[in-house]
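Analysis of the macromolecular model
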Amino acid sequence: MELRKVQETGGGTFLVSLPKDWAKRSALSRGSFVTLVERGDGCLVIDPARQPEQLTETTVLVSSGLEREITGKYLLGYDVIKVETEGRIRPEDRETVKTTCRRLVGLEVIEEDARRIVMQCLLEPSALTPEKVLRREHLIASGMHKEAVAALLESDERLARSVFERDEEVNRLYFLLVRLLRTVIQHPPLSEQLKISPIDCLDLRLVASLVEGISDSAAEIAWYVYKFPKAPLPSSLLRQIAKLSELAYEIHEKAMKSVFARDFQLAMSIISVPVEIKTILTEVEGALTKLPPDLLTHASAIVSCLKRIYEYGMDIADLVMPE
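Definitions and limits used
- Residues numbered from 1 in each chain as written.
- Predicted model: local features only at pLDDT ≥ 70, side-chain atom pairs only at ≥ 80, totals over all residues.
- Heavy atoms only, no water.
- Phe/Tyr/Trp six-rings, centres within 6.5 Å; stacked < 30°, edge-to-face > 60°.
- Helix = DSSP H or I, 4+ residues; strand = E, 2+ residues; numbered from the N terminus.
- Buried < 20%, exposed > 50% of the residue type's maximum accessible area, 1.4 Å probe, protein only.
- Pairing = 2+ DSSP bridges.
- Core = buried A, V, L, I, M, F, W, Y, C linked by side-chain atoms within 4.5 Å.
- Contact = heavy atoms within 4.5 Å.
- Polar contact = N/O pair within 3.5 Å; in protein donor to acceptor, adjacent residues only side chain to side chain.
- Arc of directions from axis to C-beta.

Under the definition given, this model contains five aromatic pairs. Taking the centre distance of 5.5 Å and the plane angle of 70° together, the rings of Phe164 and Tyr226 count as edge-to-face. Taken as a pair, Phe164 in helix H5 (residues 157-165) and Tyr226 in helix H8 (residues 198-227) lie far apart in primary sequence, 62 residues in all. Geometrically, the ring pair formed by Tyr224 and Phe228 is stacked, given 6.1 Å between the ring centres and 20° between the ring planes. On the accessibility criterion, Tyr224 (16% relative accessible area) is buried. Assessed through its relative accessible area of 36%, Phe228 is described here as partly exposed.

Okay, the pairing of strand S8 (residues 116-121) next. Regular strands show a simple pattern: their side chains alternate between the two faces of the sheet. For S8, the buried fraction is high: five of the six residues fall into the buried class. Sheet analysis places strand S6 (residues 80-84) next to S8, joined by five bridges and oriented antiparallel. Within S8, the residue paired with Val80 across the bridge is Gln120. Judged from the five bridges that link them, strand S7 (residues 107-112) and S8 form a sheet pairing that is antiparallel. Bridged to Glu108 within S8 is Gln120.

Another aspect to go through is the nonpolar core. Ile70, Tyr74, Leu107, Leu134, Leu237 and Ile316 are the most contacted members of the largest nonpolar core, which has 89 residues in total. The biggest single contributor to this core is H8, with 13 residues. Excluding anything up to four places from it in sequence, Ile316 contacts Val207, Leu210, Val211, Ile214, Ala255, Met256 and Val259.

What follows deals with the side chain of Arg103. Of note, Arg103 is situated in helix H3 (residues 91-103). Here Glu168 takes part through its side chain, which lies 3.2 Å from a polar atom of the side chain of Arg103. Sequence-distant contacts of Arg103, that is, excluding residues within four places in its chain, are made with Glu67, Thr71, Glu168, Arg172 and Phe175.

To continue, consider H5. Within H5 the residues assigned to the buried category are Leu159, Ala160 and Val163. Considered in projection along H5, the buried side chains sweep an arc of 100° and stay on one side of the axis. In this structure, the buried residues of H5 make contact with helix H4 (130-154), helix H6 (167-186) and H8. The opening residue of H5, the one whose side-chain oxygen lies 3.2 Å from the backbone nitrogen of Arg158, is Asp156.

See the structure below:
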């Protein structure tokens with residue numbers, strides 16, 4: 001932290017000098033413009049003025065970690081990502097670039113030759129709010145949860161397959177949300193425009209990660225149904241699993257409603273549900289011990305996934321604080 005004294009000119013204007021090192025890093029010079037934004041807490045944020053058409057660029061060299069490198073640059077908010085190599089780009093590396101593009105919302109190949117591929121993110125951050133993306137992410141994840149259990153109860157392989165294939169869409173939305181939140185944090189004027197504080201960004205990032213966990217767990221249940229279609233579980237156990245699923249679903253649905261409404265009382269109302277959950281879990285675990293070994297592993301994994309979904313819902317509710 002650095003303290004600076006406020007000066008007053010003869011005309012009554014107040015002046016504060018800018019730190020020289022910061023001005024140099026921000027490429028400011030005499031005549032440059034900066035943006036002043038007053039935050040909700042009264043603080044004044046000084047941001048180097050950027051022209052709307054100015055794009056941030058980065059270059060990635062072809063390597064064994066090409067997919068991870070592109071994804072990382074996307075999450076950091078770069079507008080243009082160039083993939084280059086000294087020789088000719090191999091067909092498998094070119095396919096990796098195209099596959100990675102399909103996994104990242106808004107990223108498109110705009111130029112391509114033998115040695116270089118240029119991608120650009122065509123999304124406008126101010127046109128897509130993080131809350132909308134999070135709502136969409138949870139809508140898909142909660143649907144996956146319901147349908148994964150339905151596939152289990154009905155032994156429906158086709159439904160199970162459609163469930164775990166949707167997990168990729170949740171991942172795409174999660175990556176998009178992380179990119180948007182980082183962009184908001186790095187650009188205070190955008191933060192004010194969208195009315196999202198840095199603390200909100202942190203909470204939304206954590207919630208999005210937990211929602212992705214719900215999606216992953218639902219996909220895992222669906223995978224077990226698809227992988228072992230000829231492993232029917234006893235009807236009494238299925239009824240217990242269905243009840244466990246209903247309670248877990250109720251928890252994360254209420255938790256997400258409390259997040260969007262900033263309703264602390266609704267979040268607190270979830271606290272009483274775990275007592276019922278634990279009772280059912282005790283009954284289910286007792287039923288599992290009576291299964292033959294070939295079904296025990298299969299059923300235990302499904303119950304474990306539902307337990308994780310319930311825990312993710314509780315963690316989401318814990319993030320809602322009183323105003």
